[in-house]
Amino acid sequence: MMLPSSAALSSATMMLLLISRASAFTKPLHQIRHHQSSQLFASTTTNISFDPSIDVREKATSTLVIGRHSTLKSLIEQQDSYVSLFGFRPHPDILSSMHESISGNQATSSHVIVPTVGPAIPRPPHRLTLCSLRNKVTRHNHPLSLHSMTDLVKSSVKGKGPVRIMVCVEDEYPLAPIAGAISRAFPVFSRKTKSKKADAGEDGDNGEEEEEERMIHVTFLDSKGRVVKNEVEINAAREAAEGVRLACRLVDTHPEELTSTAFAQECHDLFDEDDTVTIEEIVGEGLKEKGYGGIYNVGKGATEPPRLVIMTYDPPKDDLTEEDEEQSAITLVGKGIVYDTGGLAIKSRVGMCGMKHDMGGAAGVLGGFAAAVRLRTPRKIRLMLCLAENAIGPESVRNDDIITQYSGKTVEINNSDAEVNSCGWFCCCFLMMSYSLIYFFQMKGSLGAE
């Protein structure tokens, strides 16, 4: 089962943030250079902020209030806090009617255009939206229905101008997963062509002005409706969102641009200036020479060579306690098939569309790894990315070929479209010989893992 492009993996980011001790987030954030490629990867004009700044409240043209149905009711009843929350005073009857029109049994929303009457500077009419989440969810879901939260934000943010999103987090829930869910609603990658007027503007002749950057400001509210200002939690939320947006951009990028070589370059661009991260690559024929027969045979038919990228994060020794040093390292493995034609066991026309997402596991763990590094997690982390394209060509592996895996076992290929069995499990075999704790992430359902 394949996830849509807008749902790039955020589970790896959240796992890393939640397994780390909270004290890790109290240390100063390390600034990793965010990759900004003007030639290959386009970036969105949407910026997401998590700073609890009141200035954004005064500039916003629309406001979303998100929470479980029961929590929204409690917030609406706090009429004395309307001005401090919204920057204006909506009529309580309007909010009550909006709340009554939505159900607590499903994720739904209601919006209204309200005048901005109050002590704030006069502004145009304001779009106010209540986004209600389910009061009860199954044990398989996050209590705040994160997938539904993403869908509600995506459908409720309309038009241009600054947008303020207020999320009722009810105290006990970490902010990082919620921030990741919101960030997924705003895609980063785009290859839409410019209008003719915009193209003419590049020469200075009657062109349209460049579109202003859009600001999405996220505020978290506790169970009493107060703005959460916990710097530790907000930093974790900010870096989780950055990790998820990185994963989303990679998953959405088409395979002509995001080759195995380009993916590896992304890793270098993120961490080359960080002394705590080391990067090792085994490329092309080097994989064959070292015995990595699985990933080598999967990717040898492509125009770009297969790669095994191994990144290791060693936290600064000065920041570690004795307890930190005793913890075993965490190893993450990500499947990074940048495109999967099925090889000579070729997929159908319908089945092949969307196979650019087959590297979503690698994108997810890379985003989580980057977030953990920025937050200076006090635990050693290794990241292994199996990067290849399962392409068709003169060198493609054939059904009936016999290859030798890293373990030394010979394997007869009877389906070149089952490439995960060749490139994924060999990585786990290699890691289990060396390391203690392993998480394997991929996008398809054949392993029952995400």
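Residues numbered from 1 in each chain as written. Predicted model: local features only at pLDDT ≥ 70, side-chain atom pairs only at ≥ 80, totals over all residues. Heavy atoms only, no water.

Participant: An account of the packing of aromatic side chains is needed here, citing residue identities and associated values.
Facilitator: The tally for this structure, following the rule as stated, stands at 3 aromatic pairs. Centroid distance Phe271 to Phe369: 5.3 Å. Interplanar angle 80°. Geometry classified as edge-to-face. Of the two residues, Phe271 is situated in helix H10 (residues 260-271) and Phe369 in helix H15 (residues 360-374); the sequence distance between them amounts to 98 residues. A single burial state applies to Phe271 and to Phe369, both of which are buried. Measuring from centroid to centroid gives 4.9 Å for Tyr292 and Tyr406, while their planes differ by 15°, and the two rings are stacked. Of the two residues, Tyr292 is situated in the loop between helix H11 (285-289) and helix H12 (293-299) and Tyr406 in the loop between strand E11 (402-404) and strand E12 (410-412); the sequence distance between them amounts to 114 residues. Classification of Tyr292 by relative accessible area gives buried; the value is 5%. (Phe/Tyr/Trp six-rings, centres within 6.5 Å; stacked < 30°, edge-to-face > 60°. Helix = DSSP H or I, 4+ residues; strand = E, 2+ residues; numbered from the N terminus. Buried < 20%, exposed > 50% of the residue type's maximum accessible area, 1.4 Å probe, protein only.)

Participant: A description of the pairing of strand E5 (residues 163-168) should follow, citing residues and the corresponding values.
Facilitator: The buried fraction of E5 amounts to 6 of the 6 residues, a majority that puts the element mostly inside the structure. Burial of E5 is two-sided: the residues Val163, Ile165 and Val167 facing one way and the residues Arg164, Met166 and Cys168 facing the other way are all buried. Two elements, strand E2 (residues 62-68) and E5, share 5 bridges in a ladder whose sense is parallel. Residue pairing across strands places Val65 opposite Met166, the latter belonging to E5. Across 6 bridges, E5 lies against strand E6 (residues 214-221) in parallel orientation. If you follow Val167 over to E6, its bridge partner there is Phe220. (Pairing = 2+ DSSP bridges.)

Participant: A description of the pattern of salt bridges should follow, citing residues and the corresponding values.
Facilitator: Inspection of every chain in the model, using the stated rule, returns 12 salt bridges. Residues Lys335 and Asp358 are paired through a salt bridge, measuring 3.3 Å at the closest nitrogen-oxygen approach. Taken together, the residues span a long stretch of sequence, with Lys335 in strand E9 (residues 330-340) and Asp358 in the loop between helix H14 (349-352) and H15 at a distance of 23 residues. Here Lys335 matches Asp358 in class, with each residue buried. (Salt bridge = Lys/Arg side-chain N within 4 Å of Asp/Glu carboxyl O.)

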